[in-house]
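Summary of structural features
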Amino acid sequence: MIVVPVKEGENIEKALKKFKRKFEKTGIVKELRRRQQFDKPSVTKRLKNERAVYVQKLQQVED
């Protein structure tokens, strides 16, 4: 459960923004979207490898 403490006189938009930020950090929406379809283990593994290669190239360019 997400709790957002609201200070006296604080704007409701600010409190809503805090709630949205906390909710986004939990990753609930991302997890729901990921579970909507089934990915074969081979596809998941391939995507993971592609991401690792991409990140490694970015780190090499950075250095």
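Details of the structure are given in the entry above.
Now for a description of the structure that goes with this document. (Residues numbered from 1 in each chain as written. Predicted model: local features only at pLDDT ≥ 70, side-chain atom pairs only at ≥ 80, totals over all residues. Heavy atoms only, no water.)

**Examining the overall build of the protein chain**
- Assigned secondary structure in the protein chain consists of 3 helices and 0 strands.
- Across the protein chain, helices and strands are ordered from the amino to the carboxyl terminus as α-α-α.
- In terms of overall dimensions, the protein chain is more spread out than a globule: its C-alpha atoms have a radius of gyration of 19 Å, far above the 11 Å expected for 63 residues.
- Each principal axis of the C-alpha distribution contributes one length, and for the protein chain these read about 50 × 35 × 15 Å.
- Counting over 63 residues, the protein chain shows a buried share of 3%. (Helix = DSSP H or I, 4+ residues; strand = E, 2+ residues; numbered from the N terminus. Rg over C-alpha atoms; globule rule 2.2 N^0.38 Å. Buried < 20%, exposed > 50% of the residue type's maximum accessible area, 1.4 Å probe, protein only.)

**As for the pattern of salt bridges**
- Enumeration over the complete set of coordinates arrives at 4 salt bridges.
- A salt bridge links E31 to R34; the nearest nitrogen and oxygen atoms lie 2.7 Å apart. In this pair, E31 and R34 are both assigned in helix 2 (residues 28-35), 3 residues apart and thus about one turn of the helix distant.
- Among the salt bridges present, the one from E31 reaches R35, with a minimum N-O distance of 2.7 Å. Placement of both E31 and R35 in helix 2 is noted, with a separation of 4 residues, approximately one turn of the helix.
- With relative accessibility at 29%, the residue E31 sits in the partly exposed group.
- Under the relative-accessibility criterion, R35 is labelled exposed at 61%. (Salt bridge = Lys/Arg side-chain N within 4 Å of Asp/Glu carboxyl O.)

**What to know about a positive patch on the surface**
- Taken together, the side chains of K7, K14, K17, R21 and K25 define a basic patch exposed on the protein surface.
- Mapped onto the elements of the fold, K25 is located in helix 1 (residues 12-26). (Patch = residues over 30% accessible without salt bridge, like charges linked within 9 Å, V, L, I, M, F, W, Y side chains within 5 Å. Areas by Shrake-Rupley, 256 points an atom, 1.4 Å probe, with all protein chains shown as cover. Lys, Arg positive; Asp, Glu negative; His and termini not counted. Charge placed at Lys NZ, Arg CZ, Asp CG, Glu CD.)

**Some thoughts on the environment of I2**
- By the secondary structure assignment, I2 is in the segment before helix 1.
- When its relative accessible area of 27% is taken as the criterion, I2 is described as partly exposed.
- For the pair formed by I2 and P41, sequence separation is 39 residues and the distance between their alpha carbons is 33 Å.
- What I2 contacts, discounting residues up to four positions off in sequence, is F19, K22, F23 and T26. (Contact = heavy atoms within 4.5 Å.)

**Things to note about helix 1**
- Helix length check: helix 1, at 15 residues, gives a terminal C-alpha distance of 21 Å against a target of 21 Å (1.5 Å per residue), a fit within 8%.
- One or two steps after helix 1, the chain reaches G27, where phi turns positive at roughly 80 degrees. (Expected span 1.5 Å × (residues − 1).)

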